[in-house]
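# Architecture at a glance
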Amino acid sequence: QFPCLGFGARIPPSGEVSHEFFLTLDSSKPFCAGIEGILSSYYTSLNTVQLYGPTNFSPVINHVAKFAQVYQTDPSNYFVLLIITDGIITDFEETKSALVNASSLPMSVIIVGVGNEDFSAMEILDGDNGRLQSNGQLAKRDIVQFVELRKFVQSGQGWNKALLAKAVLAEIPSQVCSWMKSNGFNPRPRT
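Keep in mind it's a predicted model, so treat the numbers as computed, not measured.

Thresholds applied
- Residues numbered from 1 in each chain as written.
- Predicted model: local features only at pLDDT ≥ 70, side-chain atom pairs only at ≥ 80, totals over all residues.
- Heavy atoms only, no water.
- Pairing = 2+ DSSP bridges.
- Helix = DSSP H or I, 4+ residues; strand = E, 2+ residues; numbered from the N terminus.
- Buried < 20%, exposed > 50% of the residue type's maximum accessible area, 1.4 Å probe, protein only.
- Polar contact = N/O pair within 3.5 Å; in protein donor to acceptor, adjacent residues only side chain to side chain.
- Contact = heavy atoms within 4.5 Å.
- pLDDT = per-residue confidence, 0-100.
- 1 Å grid on protein atoms, 1.4 Å probe; cavity = no way out; pocket = protein on both sides within 12 Å on 5 of 7 lines; lining within 4 Å.
- Points joined across faces, edges and corners; volume = space filled by probe spheres on them.
- Nonpolar A, V, L, I, M, F, W, Y, C, P; charged D, E, K, R; others polar.
- Right-handed = clockwise from strand over helix to strand, strands pointing away.

## Points about the sheet that holds strand β3 (residues 9–11)
Pairing within the open sheet is antiparallel, and its three strands lie in the order β4-β3-β7. The sheet is open, and its two edges are formed by β4 (16–18) and β7 (50–51), each paired on a single side. In terms of strand pairing, β3 meets β4 through three bridges, oriented antiparallel. Looking at β4, one finds that arginine 10 is bridged to valine 17.

As C-alpha cells, this is what we get:
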C-alpha cells in the first residue's frame with residue numbers, strides 16, 4: 001500500500017486549485033495497492049482533474065515530512081517521496097526551506113523531470129555540488145536525487161529503463177545510511 005499525492009490541479013467538484021491531493025481523489029482512502037493501484041489512480045486522477053500551475057513542491061514535501069517526523073526514533077521506517085514533474089518549480093525558496101527542514105528526518109526525495117523544460121534549478125536542490133541551504137540554515141544531509149528523463153531516451157529505441165532505475169535509486173542507500181548513522185542507529189546483525 002502506497003499513499004500517492006498529486007499537485008498542481010483543479011480538483012472536482014469545486015475546481016479548487018490544489019498543490020496536495022490524494023491521487024485516489026478520496027482523502028479517506030489515500031492508499032494505492034501496489035504499482036497497478038498507483039497507475040490506476042494516476043490515470044483516473046489525470047482524466048478527472050484539470051492540470052493547473054503553478055508547480056509547487058513544498059506542500060507535498062511538507063506532507064511527507066510530517067509522517068517522517070513521527071518515525072524519527074524508529075529505524076525500521078524510512079520514507080521516499082517520488083516527484084514526477086513536467087514543469088519548472090515555482091515555489092523554489094519554499095521548497096528549499098522544506099527540504100532543509102526535512103534533511104534530519106528519515107526521508108529522501110527523488111525528482112524526475114519529464115519533458116524539455118530547463119530543469120537547471122533542480123540541480124541546486126540535488127545537493128551534489130554542496131549541501132542545500134535556505135535562510136542561512138544548512139541541510140543536515142543531502143536528501144534529494146534529481147534525474148532528467150530525457151537523458152535516458154535512446155534515439156529510435158525508446159528509453160533505457162535499467163539505466164533510469166539505476167540513476168533514480170542511486171543515492172537512496174547512502175541517504176538511508178547517513179540518516180541512520182547521524183541518529184546513532186546501527187544495522188541489525190544478520191541471522
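## Overview of the side chain of asparagine 56
Tracing the backbone shows asparagine 56 in the loop between β7 and α2 (58–70). Among the residues examined, asparagine 56 registers a relative accessible area of 13% and is labelled buried. One polar contact links asparagine 56 to histidine 19, side chain to side chain, over a distance of 3.4 Å. Within the structure, asparagine 56 has its side chain in polar contact with the side chain of threonine 90 (distance 2.8 Å). Sequence-distant contacts of asparagine 56, that is, excluding residues within four places in its chain, are made with Phe7, His19, Thr90 and Asp91.

## Considering the confidence of the model for the chain
For the chain, mean pLDDT is 91; residues scoring 70 or higher make up 100% of the total. Ranking the helices and strands of the chain by mean pLDDT puts helix α3 (residues 92–102) first, with 97, and strand β14 (residues 158–159) last, with 78.

## Points about the layout of surface pockets
The calculated volume of the second largest pocket comes to roughly 220 Å³. Considering the residues around the second largest pocket, the lining is formed by Pro75, Ser76, Val176, Cys177, Met180, Lys181, Phe185, Asn186, Pro187 and Arg188. When the residues that make up the lining of the second largest pocket are grouped by side-chain class, the tally is six nonpolar, two polar and two charged.

## Structural notes on the pairing of strand β9 (residues 107–113)
Buried residues dominate β9, accounting for seven of its seven residues. Of the pairings in the sheet, the one linking strand β8 (residues 79–85) to β9 comprises seven bridges and is parallel in character. Opposite leucine 82, over in β9, you have isoleucine 110 as the bridge partner. In this region the chain leaves β8, passes through α3 and returns to the parallel neighbour β9; the handedness of that crossover is right-handed. Bridge analysis of β9 against strand β12 (residues 144–148) gives five bridges, and the strand direction is parallel. Directly across from isoleucine 110, in β12, lies its bridge partner glutamine 145.

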